[in-house]
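Analysis of the macromolecular model
Residues per chain are reported as follows:
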Amino acid sequence: MSFRAKLQASFFALGVLAIAVTAWQAFSTATATLRRSTSDHLTAARETRRRIVEDYFADLTRHVLALSADESSVTALESFRAAWSALPAVADDDPRREMLERHYRATFAPRVAAELTADAVVRDWVPADPRERGLQHLFIVDNPNPVGSKDLLLEPAAATDAYSQTHARFHPTLQRYQGVFGFYDVFLIDARDGRVLYSVFKEIDVGRRLTAPPFAGTGLARAFSRAMALSEPALAVVEDYSPYAASYFAPAAFAAAPIWRAGEKIGVLAIQVSISRVNRVMTSDGNWAGEGLGATGHTYIVAADGTLRSDVRAEIEDSEAFLREIGALGVADDTLTRIRRNGTAVLTLRLPDGATRALQATPAGTAIGADFTDAEVVRSHARLNIPGLDWFVVAEIRTAEAFAPASQLLRRLLIVGSLITLAFLGAAWYIARSVTRPVMALAYGTRALSARDFKVRLAVPSHDEIGQLAASFNEMAERLA
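Residues numbered from 1 in each chain as written. Predicted model: local features only at pLDDT ≥ 70, side-chain atom pairs only at ≥ 80, totals over all residues. Heavy atoms only, no water.

Quick look at the pairing of strand S2 (residues 196-199) now. As judged from the three bridges shared by strand S1 (residues 185-190) and S2, these two strands associate in the antiparallel manner. The partner of Leu 188 across the bridge, within S2, is Tyr 198. Hairpin geometry of S1 and S2 is characterised by an intervening segment of five residues between the two adjacent antiparallel strands and by a positive phi of about 70° at Gly 194. (Pairing = 2+ DSSP bridges. Helix = DSSP H or I, 4+ residues; strand = E, 2+ residues; numbered from the N terminus.)

Dropping the structure here:
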């Protein structure tokens with residue numbers, strides 16, 4: 001390799017090395033800063049939601065304790081218990097039984113068709129007890145209000161029984177309490193046999209026993225059983241979300257506390273909570289971008305087994321596209337059908353196993369992982385401190401969005417670096433040429449002298465070392481001549 005080539009290569013290599021080191025340092029610093037910023041932002045979003053959800057369930061527990069200890073609730077339970085035997089019974093041959101069965105076939109069976117056939121609904125869910133049938137006929141079948149608004153009935157028309165009069169006395173207070181605090185339903189349950197003596201919303205659980213099929217084993221039945229096992233008045237229980245049959249198998253959670261009279265548990269007051277309240281908190285009413293979560297960031301709740309306890313952003317924004325995406329990844333068809341039918345992925349969709357194990361490994365942390373659609377995300381999680389619930393709150397955003405500024409910086413560095421490299425290449429060529437031309441001329445002159453051409457002379461381009469060397473050569477040639 002010639003001296004000029006070596007000089008050009010040296011200049012070019014040094015320039016590229018300087019550009020590469022500077023670009024790598026800038027990119028590494030920017031990426032590290034973005035990672036810290038993203039982690040801090042997700043942690044802040046996570047902690048905000050965590051406090052709100054914990055406060056909500058703490059308030060729920062306080063509400064159920066306060067309402068169960070209120071004298072009006074105690075009196076209401078005793079009054080409904082005393083009035084139960086006065087309910088008009090509906091015998092097996094009573095036309096009102098057929099009316100009740102038609103109601104179950106027309107309103108309940110179609111909405112639970114995926115779970116139960118119409119014949120199974122009539123066979124297993126229509127009450128067998130004549131008084132249970134009488135209560136449901138009065139407040140559900142003979143109620144002029146549509147399904148979902150049965151609570152608007154204060155007292156059945158022309159009813160003279162003690163139960164209807166008791167209902168007219170206590171229902172306004174409990175209904176107002178339920179509406180003001182946004183609960184789905186409020187129940188008064190008899191301690192003797194687990195019978196739902198009263199509910200605000202009037203679904204098919206009213207009048208039924210929680211200790212017998214088909215309501216034994218439901219979330220409300222578990223809440224009742226756990227509340228009855230409490231030994232102190234200042235305690236309450238919270239039952240995790242599960243499909244609740246009376247609410248058409250929609251996810252429902254329950255808070256319950258015993259109702260005491262003279263040191264004895266005479267019943268249980270329970271509050272039903274739908275997923276809508278938790279969803280509102282976790283989605284900020286759909287205002288993710290306004291909360292600084294960008295185009296893909298969101299927060300949600302999962303149980304310890306990885307199943308959702310609130311809906312995820314992609315499902316809410318475009319449910320069909322989300323279902324197609326997870327379906328392509330191998331999610332079972334019956335899972336997709338259940339999500340479509342219920343209008344929610346709560347209790348149905350699970351986090352990937354690796355993500356679930358990562359949640360269980362530490363109470364709180366931030367890491368890179370995969371989401372439901374197998375996209376890479378930055379995920380921050382923390383365990384919720386809610387007695388009776390083993391939940392985690394999760395905040396995450398896709399890495400493609402979170403680290404987009406770093407990617408943009410890298411592209412700019414590559415473009416600018418390429419331009420500077422070209423400039424270095426040109427400068428190396430020019431410098432090497434300007435340095436080697438006098439040297440090459442000196443080499444030519446030296447060869448001429450060796451051939452006894454004493455007339456050769458070199459141009460003196462400057463007064464620097466190269467110029468002085470040329471002048472010395474000329475003087476030497478002159479003397480030799």
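Read on for the rest.
In spatial order, the strands read S2-S1-S5-S4-S3; together these five strands make up an open sheet with antiparallel pairing. At either margin of the open sheet sits one strand with a lone partner, and together these are S2 and strand S3 (237-244). Each strand axis lies, on average, 25° off the axis of its neighbour in the sheet, ignoring direction. Of the strand pairs in this sheet, S3 and strand S4 (residues 250-261) are connected by six bridges, and their pairing is antiparallel. In the strand pairing of S4, Val 237 is matched with Ala 256. Most of the contacts of helix H8 (residues 275-283) go to strand S5 (residues 264-274), to which it runs at about 50°, and overall it touches S3, S4 and S5. (Axes fitted to C-alpha atoms, helices over the stretch in contact; angles between N-to-C directions. Contact = heavy atoms within 4.5 Å.)

Okay, the nonpolar core next. Ranked by internal contacts, the top residues of the largest apolar core, which has 51 residues, are Phe 57, Phe 80, Tyr 163, Leu 188, Leu 269, Ile 271 and Trp 391. Top contributing element to this core by residue count: helix H1 (residues 3-69), with six residues. Not counting the four nearest positions on each side in its chain, Leu 269 is found in contact with Val 64, Leu 67, Ser 68, Ser 73, Val 186, Phe 187, Leu 188, Ala 255, Ala 256, Ala 257 and Ile 259. In terms of nonpolar packing, the next biggest core, distinct from the first, is built from 33 residues, Leu 116, Phe 224, Ala 245 and Val 268 among them. (Core = buried A, V, L, I, M, F, W, Y, C linked by side-chain atoms within 4.5 Å. Buried < 20%, exposed > 50% of the residue type's maximum accessible area, 1.4 Å probe, protein only.)

For the pair helix H2 (residues 71-83) and helix H6 (residues 162-180), the least separation of the axes is 8 Å and the interaxial angle reads 165°. The angle between H2 and H6 places the two elements in the roughly antiparallel class. You can see that H2 and H6 cross each other, and the crossing is left-handed. Across the interface between the two elements, Ser 72, Thr 75, Ala 76, Ser 79, Phe 80 and Ala 83 of H2 pack against Ala 162, Tyr 163, Thr 166, His 167, Arg 169 and Phe 170 of H6. Residue classes in the contact of H2 with H6 are distributed as six nonpolar, five polar and one charged. (Parallel < 35°, antiparallel > 145°, perpendicular 65-115°, else oblique. Left-handed = near helix turned anticlockwise from the far one by under 90°. Nonpolar A, V, L, I, M, F, W, Y, C, P; charged D, E, K, R; others polar.)

Atomic detail in the predicted coordinates should be set aside for any region of low pLDDT. Here the protein chain averages 88 in pLDDT, and 95% of its residues register 70 or above. Per-element confidence in the protein chain ranges from a low mean pLDDT of 72 for helix H14 (residues 404-450) to a high of 98 for S1. (pLDDT = per-residue confidence, 0-100.)

Take the sheet that holds strand S7 (residues 364-370) next. The four strands are arranged S6-S9-S8-S7 in an open sheet whose pairing can be described as antiparallel. Only two strands of the sheet have a single partner each, and these edge strands are strand S6 (298-303) and S7. Neighbouring strand axes in the sheet, compared pairwise and without regard to direction, differ in orientation by 30° on average. Across the sheet, helix H12 (residues 353-361) touches S6, S7, strand S8 (376-383) and strand S9 (391-398), and the angle it forms with S8 is around 35°.

Counting across every chain of the model gives 19 aromatic pairs. Judged by centre distance (4.8 Å) and plane angle (50°), the ring pair of Tyr 184 and Phe 201 falls under tilted. Here Tyr 184, found in the loop between H6 and S1, pairs with Phe 201, found in the loop between S2 and helix H7 (219-228); they are 17 residues apart in sequence, far enough to count as distant. The partly exposed category is assigned to Tyr 184, whose relative accessible area is 23%. Between Tyr 244 and Phe 254, the aromatic rings sit 5.1 Å apart at their centres with planes inclined by 75°, giving edge-to-face as the arrangement. Note that Tyr 244 is positioned in strand S3 and Phe 254 in strand S4, a separation of 10 residues in sequence. (Phe/Tyr/Trp six-rings, centres within 6.5 Å; stacked < 30°, edge-to-face > 60°.)

Our focus in this paragraph is the pairing of S3. Judged by how many residues are buried, S3 sits mostly within the fold: seven of eight residues are covered. Between the antiparallel neighbours S3 and S4 lie five residues, among them Tyr 248 with a positive phi of about 60°.

Next up on the list: unusual backbone geometry. In this structure, Pro 214 follows Pro 213 across a cis peptide bond, with omega equal to 5°. Its identity is not glycine, yet Lys 202 carries a phi of approximately 65°, on the positive side. When you line up the elements, Lys 202 lands in the loop between S2 and H7.

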